[in-house]
Amino acid sequence: MVGSDIIVFNFSGFCGLNMASAKSNNTNPTVLSRQLLKWFDANRRDLAWRTAPGVARDPYRVWLSEVMLQQTQVVSVTPYYLKFLKNWPNVHKLASADDDAVMVAWAGLGYYARARNLLKCARQVSLELDGVFPDSEAGLLALPGIGPYSAAAIAAIAFGRKAAAVDGNVVRVVARLDGLDRPPAKLKAKVGARVMGMVPKARPGDFAEACMELGATVCRARNPACDICPWLKSCHAGASATPEMWPVRSPKTPKPHRKGWVFWVERDGGEGVLLVRRPPKGLLGGMMGFPTTEWSTQAGTQSRNDEGLRLASQTLPKAGDWQVLEARIKHTFTHFHLELGVVRGRWAGAWRADEVPGGDWYRANELEKQALPSVMRKVFAVAQKQG
Ligand code: SF4
């Protein structure tokens with residue numbers, strides 16, 4: 001429907017004036033590709049993982065940056081990327097790193113499964129592939145933590161392969177460019193084919209980065225800057241009064257609420273506070289944290305103090321002088337909201353290693369240096385305040 005009608009309707013019911021007459025209607029992939037690369041050459045940001053135009057990229061650095069950039073913004077990634085490169089400048093060094101050191105270095109970047117897969121992948125590449133990353137999408141896809149988007153991005157940027165790297169940003173840009181009136185989840189194949197048609201043989205890596213750059217800096221989710229966009233004259237959404245209406249939003253399903261209890265256990269004798277390692281699989285898998293109950297969607301699991309005291313006795317292997325703190329911890333994960341009640345207590349006697357499997361004691365000043373996930377940092381802050 002690009003440029004074909006006077007009135008444009010989209011899924012949300014918006015009715016806007018289609019400025020088709022102002023468009024060049026040039027949706028030819030080669031032209032679009034040339035326009036985008038010209039814009040990129042003049043406007044590319046100088047990011048820590050980029051080299052000067054035309055300079056070959058180190059696959060290790062490309063892979064590291066792409067894993068860190070999954071679901072995370074450039075501004076958050078940059079200091080972590082630089083820290084990792086300083087600590088582990090190549091894949092062999094990272095492969096031989098201590099797990100805990102890597103998790104501590106990753107702490108705060110979120111989505112911790114990425115860090116565990118990063119290590120697995122580094123070890124596989126170092127030990128089984130002699131430190132050489134596969135140079136094809138299929139080969140990269142077979143490695144831990146590399147999904148279709150990252151495989152395409154790494155293949156294009158590090159190895160100059162013709163590949164369509166399509167993430168949420170690219171779907172948004174192309175949905176606007178072509179006026180695609182379907183929700184993003186239903187557009188991936190169509191957008192993938194469209195992008196593939198635009199990837200130039202000569203500069204596939206630059207094209208992948210240019211698409212990402214356009215989505216991040218110009219065709220933003222809110223307030224797209226159409227007036228400085230290289231595709232304005234060809235863009236369906238850019239010709240409307242409200243380009244941000246694309247892509248069509250799926251009706252939002254509300255996130256469920258889960259509740260539970262977390263236990264702050266101190267020890268007589270100065271050993272500090274108890275941390276346990278969470279099970280290797282699942283949310284926050286393998287991370288250290290304070291002991292908790294299951295997180296349940298059933299109503300009322302943490303609304304009553306006597307329940308917190310009962311669950312402390314049930315969950316922990318020793319009796320303590322438990323006390324329910326007034327504050328509640330609220331945290332939102334990708335798929336649910338969590339509310340935790342906090343029970344604080346003290347254990348007497350000496351520590352035995354088998355007392356809590358996977359557990360250990362840390363003084364408060366050591367806790368700050370641990371790779372605690374954000375929700376556990378909130379528990380730490382509350383317990384410190386109410387201590
Ligand atoms: S013209 Fe506007 S809506 Fe279209 S691609 Fe450019 S920034 Fe996005």
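Residues numbered from 1 in each chain as written. Predicted model: local features only at pLDDT ≥ 70, side-chain atom pairs only at ≥ 80, totals over all residues. Heavy atoms only, no water.

## What about the side chain of Arg 114?
Looking at the element boundaries, Arg 114 is found in helix α6 (residues 113-128). With no salt bridge to any partner, buried Arg 114 finds its closest opposite charge in Glu 66, at an N-O distance of 9.6 Å. If near-sequence neighbours (up to four positions away) are discounted, Arg 114 is found in contact with Val 67, Met 68, Leu 69, Gln 70, Thr 72, Trp 106 and Leu 109. (Helix = DSSP H or I, 4+ residues; strand = E, 2+ residues; numbered from the N terminus. Buried < 20%, exposed > 50% of the residue type's maximum accessible area, 1.4 Å probe, protein only. Lys, Arg positive; Asp, Glu negative; His and termini not counted. Salt bridge = Lys/Arg side-chain N within 4 Å of Asp/Glu carboxyl O. Contact = heavy atoms within 4.5 Å.)

## Remarks on the nonpolar core
Ranked by internal contacts, the top residues of the largest apolar core, which has 75 residues, are Trp 63, Phe 84 and Phe 290. The element best represented in this core is helix α8 (residues 148-159), accounting for nine residues. Taken domain by domain, the makeup of this core includes at least three residues from each of domain 1 (7-245) and domain 2 (257-385). Not counting the four nearest positions on each side in its chain, Phe 84 is found in contact with Leu 64, Met 68, Pro 89, Leu 94, Val 102, Ala 105, Trp 106 and Leu 118. If you look at the next biggest cluster of nonpolar residues, it comprises 30 residues, including Val 166, Val 191, Val 195 and Met 198. (Core = buried A, V, L, I, M, F, W, Y, C linked by side-chain atoms within 4.5 Å. Domains from an automatic or database assignment.)

## Comments concerning the side chain of His 331
When you line up the elements, His 331 lands in strand β6 (residues 323-332). Relative accessible area serves as the criterion here: at 13%, His 331 is assigned to the buried category. A polar contact is formed between the side chain of His 331 and the side chain of Lys 378, at a distance of 2.9 Å. Excluding residues within four positions of it along the chain, His 331 makes contact with Phe 336, His 337, Leu 338, Ser 374, Val 375 and Lys 378. (Polar contact = N/O pair within 3.5 Å; in protein donor to acceptor, adjacent residues only side chain to side chain.)

## Thoughts on the site of the ligand
Inspection of the region around the ligand gives Arg 176, Val 218, Cys 219, Cys 226, Cys 229, Leu 232, Cys 235, Gly 238 and Pro 243 as its neighbouring residues. In a pocket analysis with a 2 Å cut-off to the grid points, the ligand is assigned to the largest cavity. Tallied by class, the residues present in the shell around the ligand amount to seven nonpolar, one polar and one charged. (Near = heavy atom within 4 Å. 1 Å grid on protein atoms, 1.4 Å probe; cavity = no way out; pocket = protein on both sides within 12 Å on 5 of 7 lines; lining within 4 Å. Sits in = over half its atoms within 2 Å of the grid points. Nonpolar A, V, L, I, M, F, W, Y, C, P; charged D, E, K, R; others polar.)

## Some remarks on the confidence of the model for the protein chain
Confidence along the protein chain averages 88 in pLDDT terms, with 91% of residues attaining 70 or more. Within the protein chain, no element has a lower average pLDDT than strand β1 (residues 7-9), which sits at 31, and none a higher one than helix α4 (residues 91-95), at 98. Every residue in residues 1-22 scores below 50 in pLDDT, and together they form 42 contacts with partners more than four places removed in sequence or on other chains. (pLDDT = per-residue confidence, 0-100.)

## Regarding the packing of aromatic side chains
For the structure shown, the criterion picks out 10 aromatic pairs. For the ring pair Trp 295 and Phe 333, a centre distance of 5.9 Å and an interplane angle of 25° mean the geometry is stacked. Of this pair, Trp 295 sits in the loop between β5 (288-289) and α12 (305-315) while Phe 333 sits in the loop between β6 and β7 (337-347), and the two are 38 residues apart along the sequence. Across this residue pair, the class does not change: Trp 295 and Phe 333 are buried. It is Arg 258 that lies over the ring of Phe 336; its NZ or CZ is 4.0 Å from the centre. (Phe/Tyr/Trp six-rings, centres within 6.5 Å; stacked < 30°, edge-to-face > 60°. Lys NZ or Arg CZ within 6 Å of the ring centre and 35° of its normal.)

## A look at the pattern of salt bridges
Counted by the stated rule, this structure contains 14 salt bridges. A salt bridge links Arg 57 to Glu 209; its shortest N-O distance comes to 3.2 Å. With Arg 57 in the loop between α1 (29-43) and α2 (59-69) and Glu 209 in helix α11 (residues 204-217), this residue pair connects regions lying 152 residues apart in the sequence. Note on accessibility: Arg 57 and Glu 209 belong to one class, buried. In this structure, the salt-bridge partner of Arg 310 is Glu 307, at a minimum N-O distance of 3.3 Å. Within this pair, Arg 310 and its partner Glu 307 are both found in helix α12, separated by three residues, close to a single helical turn.

## Focus on the layout of surface pockets
As a volume, the largest pocket reaches approximately 1700 Å³. Secondary structure elements with two or more residues in the lining of the largest pocket: α2, α3 (74-87), α8, α9 (168-178) and α11. Within the lining of the largest pocket, the residues separate by chemical class into 19 nonpolar, 11 polar and 13 charged. If you add up the space inside the second largest pocket, you get close to 520 Å³. (Points joined across faces, edges and corners; volume = space filled by probe spheres on them.)

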